Amino acid sequence: VFLLSFGILCSPSQGGNRDYAGDAFLKADSVPHVYDDSQIVSTYGTGKTSRSNDGICTRTYSDKQKRWVSFSGDCDLSPKERTVDEIMVGRIPVPKSGYQYRGNLTGIKLLGVSLGDTRQKAMMAAKGRYGMKVTIEHLHGQRVEQIFFLYSEEDTNLYYRFLVSSGKVVAFAMGVTE
């Protein structure tokens, strides 16, 4: 099975530094393109790294406004071959990463939905999308409602997630499936 990696076609940000999260969410409906783990590390450093029980490696970076971004991929691949399969932006408390995100997390939206927007606004953005389902998940130890859906019923492999707590969007993500 060919593993498609996640990213979005976009032009580099000013000064030669890429804002991978900002660019990706800005072009949320574009054709997926490969970002690899080495691009993230060379731009932002190693980040706070973690490995889940199901073999997913995540690098997390935070900004001064207590927002964070994480880039996740398959740990079974070597760092040179590891691709970014999901980018998530959130405001739910996480342990301080110690790694400053040098992009701009202010104003990032997913399909018109911002952090802090209502559950209703997230549901409206997901309404009519293919494969939409609502489940209960855990994010950084907090119970959240997940609104999951695919970009379209065409086989784009692109999915979206809104994570909601107390009626407000606390995180959102875009990624690809195998």
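One structure accompanies this document, and this report is about it.

Conventions we followed
- Residues numbered from 1 in each chain as written.
- Predicted model: local features only at pLDDT ≥ 70, side-chain atom pairs only at ≥ 80, totals over all residues.
- Heavy atoms only, no water.
- Pairing = 2+ DSSP bridges.
- Helix = DSSP H or I, 4+ residues; strand = E, 2+ residues; numbered from the N terminus.
- Axes fitted to C-alpha atoms, helices over the stretch in contact; angles between N-to-C directions.
- Contact = heavy atoms within 4.5 Å.
- Disulfide = S-S within 2.5 Å.

Description of the sheet that holds strand β9 (residues 158-165)
Backbone-to-backbone hydrogen bonds join strands into a sheet, with any given pair of strands oriented parallel or antiparallel. If you trace the eight strands from one edge of the open sheet to the other, you get β1-β2-β3-β4-β10-β9-β8-β7, paired in antiparallel fashion. With one partner strand each, in any of the chains shown, β1 (48-51) and β7 (133-139) form the two edges of the open sheet. This sheet shows a mean twist of 25 degrees between the axes of neighbouring strands, independent of strand direction. As judged from the seven bridges shared by β7 and strand β8 (residues 142-150), these two strands associate in the antiparallel manner. From the neighbouring strand, V134 faces β8, where its bridge partner is I147. Sitting on the sheet, helix α2 (residues 37-44) is in contact with β2 (56-62) and β3 (68-74), with an inclination near 25 degrees to β2.

Section: the state of the cysteines
In total, this model carries one disulfide according to the counting rule given. Sulfur-sulfur distance for the disulfide between C57 and C75 comes to 1.8 Å. A torsion of 130 degrees about the S-S bond marks the disulfide between C57 and C75 as right-handed. In this pair, C57 is assigned in strand β2 and C75 in the loop between β3 and β4 (86-90), connecting sequence segments 18 residues apart.

Let's talk about the environment of G55
The residue G55 is located in the loop between β1 and β2 in this model. With 18 residues separating them along the chain, G55 and G73 place their C-alpha atoms 8.6 Å apart. Those residues in contact with G55 that sit more than four places away from it in its chain are G73, D74, C75 and D76.

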